[in-house]
Amino acid sequence: MTEKLTNAQIAWRAAQDIADGAYVNLGIGFPEMVAKFQPPGRQAVFHTENGVLNFGESPPEGEEDWDLINAGKKAITLKPGAAFFHHADSFAMVRGGHLDVAILGAYEVAENGDLANWSTGPKGVPAVGGAMDLVHGAKRVAVITDHVTKDGRPKLVKRCGLPLTGVGCVTRVYTSLAVVDIESQRFVLREKLPKLSLDVLQAVTGAELLVDGTIGDLIVPEV
Amino acid sequence: MDKTVSDLATAVAGIEDGMTLMIGGFGGSGAPIELVHALIDRFRATGSPEGLIVINNNAGNGRIGIAAMIDAGMVAKMVCSFPRSADPRAFTEKYRVGQIGLELVPQGTLAERIRAGGAGIPAFYTPTSFGTDLAEGKPVAEFDGRMYVQERWLKSDAALIKAELADTMGNLTYRKAARNFSPLMAAAARLTVVQASKIVRPGGIDPEQIVTPGIFVNRIVEVADAQQEEALMRAGVAYG
């Protein structure tokens with residue numbers, strides 16, 4: 001594999017598309033990193049499923065208040081203008097179309113917009129949390145992910161093989177190699193690493209990448 | 001009207017074998033750990049209640065609270081969205097050998113099913129889980145060109161809830177993000193039992209600040225300096 005973006009760089013790229021004042025939910029784990037890379041002058045309002053709007057970073061160790069946590073059960077802080085609410089209100093925000101963006105991780109994304117990100121199969125204890133709710137309702141559902149699995153298989157596929165989180169829900173994918181939109185059930189390539197040829201990119205992608213107009217250069221600073 | 005009771009054992013009286021029990025909290029935030037431990041105390045002394053169906057977002061963490069209930073053998077089944085935690089041994093060990101059941105429910109669907117239970121709405125449609133394994137066997141329908149899954153209400157025999165302030169009529173406030181499922185559960189349970197950090201006279205809470213109105217609450221017990229489940233977990237505490 002040629003050079004690729006780090007997770008932090010993928011998160012940086014996704015953060016560039018979040019408008020000032022947008023209401024945003026970041027999935028647990030890797031997507032949480034997006035919050036760190038908001039462009040100067042822009043401030044999104046972050047939502048967490050357990051009932052907080054406009055939360056900030058984790059407090060220093062020793063200053064945690066464990067009644068004040070996010071969906072990943074990490075201690076958080078509040079920004080001015082924060083609000084608390086119960087779970088039914090929280091998921092009304094999610095399903096009711098009130099969030100501007102949800103950014104999630106993925107095991108697989110299919111060209112028809114299907115997402116698999118909650119289960120790797122029948123082994124172990126199944127756990128879903130809010131993943132199946134989050135993929136419905138946000139105006140944009142974006143995925144951030146490495147372009148391929150650890151053993152080199154495509155994560156952008158024709159059809160998902162793993163248990164689905166949602167059907168036809170993803171609108172944009174930010175990967176370690178490219179930015180891909182999902183339109184009319186097809187992958188449309190928007191940006192790729194400048195040195196990466198279209199052929200090489202296509203070879204590590206499990207479904208056809210359409211080109212519609214020019215392909216932008218995916219240029220991300222060291223972060 | 002005075003809904004206060006003098007001690008934890010009295011507060012959890014009437015929760016019997018085979019009942020469905022909602023327990024507030026999301027992880028340690030809002031977990032009514034003193035009420036849960038009072039129920040474990042009764043089980044240890046009398047062998048009851050057992051065979052409980054417990055509804056909570058999670059399935060316990062470490063060796064305290066719901067995890068300690070599972071360890072003690074009081075829980076027949078969990079209804080939850082995320083039966084994993086930093087230390088999920090209690091649930092995982094019993095689940096692997098078939099000693100505990102699991103109904104896995106997406107988190108927002110869990111909240112709305114409880115809300116519906118409290119609001120007298122037997123079923124509703126949600127986009128969540130459509131086309132996934134968790135929608136298997138459930139009726140689906142199209143509304144305005146989109147597909148939705150029918151989900152049913154959740155009600156319970158009892159709910160255990162942690163509040164910050166209560167007045168003697170059962171009006172409640174919560175601390176920070178600790179309210180999570182509790183206002184929904186208070187309405188969905190036949191017997192709602194609350195532990196509050198402080199109980200005040202009627203009028204002692206500004207009506208504009210009340211989150212759960214007292215009509216949804218049956219019993220209140222004061223637990224000043226209540227323990228925080230996550231803090232206990234991190235200190236490595238095991239109950240009993």
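Just so it is clear, the structure is predicted and the values come from calculations on it, not from any experiment.

Calculation criteria
Residues numbered from 1 in each chain as written. Chains lettered and ligands numbered in written order. Predicted model: local features only at pLDDT ≥ 70, side-chain atom pairs only at ≥ 80, totals over all residues. Heavy atoms only, no water. Pairing = 2+ DSSP bridges. Helix = DSSP H or I, 4+ residues; strand = E, 2+ residues; numbered from the N terminus. Axes fitted to C-alpha atoms, helices over the stretch in contact; angles between N-to-C directions. Contact = heavy atoms within 4.5 Å. Parallel < 35°, antiparallel > 145°, perpendicular 65-115°, else oblique. Left-handed = near helix turned anticlockwise from the far one by under 90°. Nonpolar A, V, L, I, M, F, W, Y, C, P; charged D, E, K, R; others polar. Phe/Tyr/Trp six-rings, centres within 6.5 Å; stacked < 30°, edge-to-face > 60°. Lys NZ or Arg CZ within 6 Å of the ring centre and 35° of its normal. Expected span 1.5 Å × (residues − 1). Buried < 20%, exposed > 50% of the residue type's maximum accessible area, 1.4 Å probe, protein only. Lys, Arg positive; Asp, Glu negative; His and termini not counted. Salt bridge = Lys/Arg side-chain N within 4 Å of Asp/Glu carboxyl O. Polar contact = N/O pair within 3.5 Å; in protein donor to acceptor, adjacent residues only side chain to side chain. Disulfide = S-S within 2.5 Å. Core = buried A, V, L, I, M, F, W, Y, C linked by side-chain atoms within 4.5 Å. Buried area = accessible area lost by both parts, 1.4 Å probe.

Asks: Go over the sheet that holds strand β3 (residues 75-80) of chain B, please, and point to the residues and values.
Replies: All names here are of chain B. Taken in spatial order, the 7 strands make up an open sheet running β4-β3-β2-β1-β8-β9-β10, and their pairing is parallel. Edge strands, defined here as strands with exactly one partner in the open sheet, are β4 (101-104) and β10 (219-222). Strand after strand, the sheet turns through a mean of 25 degrees between neighbouring axes, direction not considered. In this structure, strand β2 (residues 52-55) lies alongside β3, joined through 4 bridges in parallel fashion. Looking at the pairing, L52 lines up with V75 of β3. The sheet contacts of helix α2 (residues 33-46) involve β1 (20-23), β2, β8 (156-167), β9 (189-200) and β10, and relative to β9 the element is tilted by about 125 degrees.

Asks: Before we move on, could you go through the packing of α2 of chain B against helix α3 (residues 65-72) of chain B and cite the residues and values that matter?
Replies: Between two packed helices, what matters for the description is the angle formed by their axes and the separation of those axes. Residue and element names in this part refer to chain B. Packing of α2 against α3 brings their axes to within 9 Å, and their N-to-C directions diverge by 15 degrees. Classified by the angle between their axes, α2 and α3 sit roughly parallel to one another. Between α2 and α3 lies a crossing of left-handed hand. Across the interface between the two elements, I33, V36, H37, L39, I40 and F43 from α2 touch G65, I66, A68, M69 and A72 from α3. Split by residue class, the contact of α2 with α3 holds 9 nonpolar, 2 polar and no charged.

Asks: Tell me about the packing of aromatic side chains, and please be specific about residues and values.
Replies: Where two aromatic rings form a pair, the distance of their centres and the angle of their planes describe that pair. All names here are of chain B. All chains considered together, the criterion is met by 4 aromatic pairs over all chains. One aromatic cluster is present, built from ring pairs that chain together Y125, F143 and Y148. Directly above the ring of F82 sits R84, whose terminal nitrogen or CZ lies 5.9 Å from the centroid. Between the NZ or CZ atom of K155 and the centre of the ring of W153, over which it lies, the distance is 3.7 Å.

Asks: Provide a residue-level description of the environment of A158 of chain B, including the pertinent values.
Replies: All names here are of chain B. Within the secondary structure, A158 sits in strand β8. In this structure, the C-alpha to C-alpha distance between A158 and G51, residues 107 residues apart in sequence, is 14 Å. Ignoring sequence-local partners within four residues, the contact set of A158 consists of I15, T20, L21, M22, A189 and L191.

Asks: How would you explain helix α5 (residues 107-119) of chain B if you had to name every residue and give the values?
Replies: Its 13 residues place the ends of α5 of chain B 18 Å apart at the C-alpha level, agreeing with the 18 Å of an ideal helix rising 1.5 Å per residue. Two residues or fewer after α5 of chain B comes G120 of chain B, characterised by a positive phi angle close to 75 degrees.

Asks: Residue-level account of unusual backbone geometry, with values.
Replies: Residue and element names in this part refer to chain B. Looking along the chain, the bond that leaves S48 and enters P49 is cis, with omega of 5 degrees. Relative to the helices and strands, P49 is located in the loop between α2 and β2. Backbone geometry at K176 places phi at a positive 50 degrees, although glycine is not the residue there. Along the chain, K176 turns up in the loop between β8 and α6 (182-188).

Asks: Any details on the side chain of D167 of chain B? Residues and values, ideally.
Replies: All names here are of chain B. Checked against the element boundaries, D167 lands in strand β8. Nearest to the buried, unbridged D167 among oppositely charged side chains is K3, at 7.8 Å. Within the structure, D167 has its side chain in polar contact with the backbone nitrogen of M169 (distance 2.9 Å). The contact partners of D167, leaving out residues within four places of it in the chain, are I199, V200, R201, P202, G203, I205 and I220.

Asks: Before we move on, could you go through the state of the cysteines and cite the residues and values that matter?
Replies: Residue and element names in this part refer to chain A. Counted by the stated rule, this structure contains 0 disulfides over all chains. Unpaired in terms of disulfides, C160 finds its nearest cysteine sulfur in C169, a separation of 8.7 Å. On the accessibility criterion, C169 (10% relative accessible area) is buried.

Asks: Go over the nonpolar core with me, naming the residues and quoting the values.
Replies: Membership of the largest hydrophobic core comes to 57 residues, with the highest contact counts inside it found for V24, V34, I103, V109, L115 and V170 of chain A. Discounting chain neighbours no more than four positions away, the residues touching V109 of chain A are D114, L115, V143, K155, L156, V157, C160, V170, V173, I182 and F187 of chain A. With 34 residues, the next largest nonpolar core counts A11, I15, M74 and V221 of chain B among its residues.

Asks: Which residues make up the packing of helix α2 (residues 87-95) of chain A against α5 of chain B, and what are the values?
Replies: Where α2 of chain A contacts α5 of chain B, the two axes come as close as 9 Å, and the packing angle between them is 125 degrees. As judged from the angle between their axes, α2 of chain A and α5 of chain B are oblique. The crossing of α2 of chain A and α5 of chain B is left-handed. Between α2 of chain A, through H87, A88, F91 and R95 of chain A, and α5 of chain B, the contact on the second element is made entirely by Q107, G108, T109, A111, E112 and R115 of chain B. Within the contact of α2 of chain A with α5 of chain B, the residues separate by chemical class into 3 nonpolar, 4 polar and 3 charged.

Asks: Describe the interface of chain B and chain A, listing the residues and the values that go with them.
Replies: Taken together, the contact pairs 47 residues of chain B with 34 residues of chain A. Three residues, F26, Q107 and K176 of chain B, lead the burial of chain B against chain A; their summed loss comes to 16% of the area buried on that side. For the interface between chain B and chain A, the tally reads 3 salt bridges. Where chain B packs against chain A, one counts 21 residue pairs in polar contact (both at pLDDT 80 or more). Elements that contribute at least two residues to the side of chain B that touches chain A include exactly α4 (89-96), β4, α5, α6 and α7 (229-234) of chain B. The dominant element in the side of chain B that touches chain A, judged by the number of residues it contributes, is α5 of chain B, at 6 residues.

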